[in-house]
Amino acid sequence: YQRRVRGPSCLLLKMEKEPKDEPKEILRCPWKCPSCGWFLYKPKTEPCPCQANPNLKNLEKPPKLPSSFTEKKKQQVNQSHPQKRKVVGVYNVGTINQKDGNKGLPEKPHDATRFVVISDTHSLHGSLLKIIPNGDVLIHAGDITISGSQKTLQDFCLFLDALPHKHKIVIAGNHDAILATDWYSEHYWRFHEEKLDAVSIKSLLKNHCIYLEDEEVVVDNIRVYGSPWIPARHDWAFCLYDENHLKFAWDLIPDGIDILVTHTPPQGIRSSTPSGVEVGCPFLKQALKRVKPIVHVFGHVHSGYGVQKGTPLFVNGCVCNAKYKPVNAPIVFDLL
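Model, not experiment: these values are computed from the prediction.

Caption draft 1: The arrangement of the packing of helix α3 (residues 150-162) against helix α5 (residues 198-206) in detail. Taken N-terminus to C-terminus, the directions of α3 and α5 make an angle of 15°; their axes are 10 Å apart at the nearest point. Viewed along their axes, α3 and α5 adopt a mutual orientation that is roughly parallel. α3 and α5 meet at a crossing whose hand is left-handed. Together, Q150, L153, Q154, F156, C157 and L160 of α3 and I201, L204 and L205 of α5 make up the contact between the two elements. In terms of residue class, the contact of α3 with α5 is made up of 7 nonpolar, 2 polar and no charged.

Caption draft 2: The pattern of salt bridges, seen in detail. According to the stated counting rule, one finds 7 salt bridges in the structure shown. For K108, the salt bridge goes to D136, with nearest N and O atoms at 2.9 Å. Of this pair, K108 sits in the loop between β3 (87-91) and β4 (113-118) while D136 sits in the loop between β4 and β5 (137-140), placing them 28 residues apart in sequence. Its salt-bridge partner being D220, residue K166 comes within 3.9 Å of it at the nearest N-O pair. Of the two residues, K166 is situated in the loop between α3 and β6 (167-170) and D220 in the loop between β8 (215-219) and β9 (222-227); the sequence distance between them amounts to 54 residues.

Caption draft 3: Main features of the nonpolar core. W250, I259 and V297 are the most contacted members of the largest nonpolar core, which has 83 residues in total. With residues near it in sequence (within four places) discarded, W250 still touches S227, W229, T262, T264, C281, F283, L284, A287 and R290. Core analysis: the next-biggest nonpolar cluster, separate from the first, contains 10 residues, C33, W38, C50 and L56 among them.

Caption draft 4: Spatial organisation of the sheet that holds β5. Overall, mixed pairing links the 6 strands, which are arranged β3-β16-β4-β5-β6-β7 in an open sheet. Single-partner strands in this sheet number two, and they are β3 and β7 (210-211). Relative to β7, β6 is paired through 2 bridges, and the arrangement is parallel. Bridge assignment links I169 to a residue of β7, and that residue is I210.

Caption draft 5: How the structure looks around the side chain of E213. One can find E213 in the loop between β7 and β8. E213 gets classed as buried once you look at its relative accessible area, which sits at 15%. A distance of 2.8 Å separates polar atoms of two side chains, one belonging to E213 and the other to K202. At a separation of 2.7 Å, a polar atom in the side chain of E213 contacts the side chain of Y211.

Caption draft 6: Seen up close, the environment of F283. With respect to the helices, strands and loops of the structure, F283 is situated in helix α7 (residues 282-291). Taking the C-alpha atoms as reference points, F283 and E243, separated by 40 residues in sequence, lie 8.0 Å from one another. Here F283 is in contact with E243, L246, K247 and W250, once residues within four sequence places are set aside.

Caption draft 7: Just the packing of helix α6 (residues 243-251) against α7, in detail. α7 packs onto α6 with a crossing angle of 30° between their chain directions and a minimal axis gap of 9 Å. Judged on the interaxial angle alone, α7 and α6 are roughly parallel. Both α6 and α7 take part in a crossing whose hand is right-handed. Of the residues in α7, those touching α6 at E243, L246, K247, W250 and D251 are F283, L284, A287 and R290.

Parameters and conventions
- Residues numbered from 1 in each chain as written.
- Predicted model: local features only at pLDDT ≥ 70, side-chain atom pairs only at ≥ 80, totals over all residues.
- Heavy atoms only, no water.
- Axes fitted to C-alpha atoms, helices over the stretch in contact; angles between N-to-C directions.
- Helix = DSSP H or I, 4+ residues; strand = E, 2+ residues; numbered from the N terminus.
- Parallel < 35°, antiparallel > 145°, perpendicular 65-115°, else oblique.
- Left-handed = near helix turned anticlockwise from the far one by under 90°.
- Contact = heavy atoms within 4.5 Å.
- Nonpolar A, V, L, I, M, F, W, Y, C, P; charged D, E, K, R; others polar.
- Salt bridge = Lys/Arg side-chain N within 4 Å of Asp/Glu carboxyl O.
- Core = buried A, V, L, I, M, F, W, Y, C linked by side-chain atoms within 4.5 Å.
- Buried < 20%, exposed > 50% of the residue type's maximum accessible area, 1.4 Å probe, protein only.
- Pairing = 2+ DSSP bridges.
- Polar contact = N/O pair within 3.5 Å; in protein donor to acceptor, adjacent residues only side chain to side chain.

Okay, structure coming up:
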């Protein structure tokens with residue numbers, strides 16, 4: 001993969017820590033319109049657009065299988081691994097120390113690749129700029145935004161340009177509505193007053209990182225696969241409502257991937273809400289037995305932040321806690 005040229009550092013002066021066009025009150029209390037039955041991510045004081053456009057009541061629910069699925073065939077990859085890689089260190093797990101994130105990290109072993117994991121920054125990526133550890137590869141496991149804001153994604157691109165990591169791998173999460181381009185064209189009214197140019201915004205992001213959506217990339221001879229899907233919850237973006245659709249999504253993952261990046265956790269692995277509700281995907285858990293990744297990176301469940309050591313190594317990289325405060329440190333691991 002060819003590293004893209006970083007933009008001028010002076011652009012960082014324009015970066016806001018928290019874009020003002022993403023009201024946080026919609027996060028904890030999305031409201032369901034009694035007329036059309038859809039969840040809305042706008043202040044409840046605003047009427048549902050279905051009052052002015054009754055046709056919105058006729059949108060198919062649950063949505064059809066994404067068209068991108070039907071265009072993809074299960075990838076059969078027979079790449080051999082003459083020397084199986086292994087994790088040789090996991091660091092920086094815990095709450096953020098408001099100092100340089102590189103202090104206290106051991107030197108990277110010779111020939112190892114250092115990964116830095118973040119997820120669920122929800123427009124607060126700017127708060128990480130001075131404390132994010134250096135590494136070879138940055139992974140963001142989704143939920144860049146609160147409600148798919150164009151401004152947040154533009155700021156996020158500046159954030160990526162300012163980081164020294166050679167490779168920057170990003171997937172979307174359920175809050176990143178505008179990145180689900182086909183879905184957004186029908187559901188934008190639940191998030192934004194006017195339809196934004198989702199295709200152009202997604203193209204902009206791709207110019208600043210390696211964006212994966214049911215795709216694989218090889219960096220430093222390490223195979224990484226990324227997928228944004230989650231079991232349906234509150235009608236967010238990248239939701240799959242049907243058991244067969246979820247199985248189809250995970251069947252697309254090739255065998256032998258080194259690092260798997262999904263937004264959802266697998267069932268039972270750092271996947272419970274503060275109230276004890278299990279939201280991990282049981283079908284992803286089944287797929288892991290076939291794929292056998294060395295590391296599985298995810299986010300989505302803020303209260304599940306941290307690592308679970310074993311085979312694979314599970315890393316929940318949620319920066320924001322259950323109250324949407326960016327208190328969790330980026331997690332670092334070395335792969336040799």
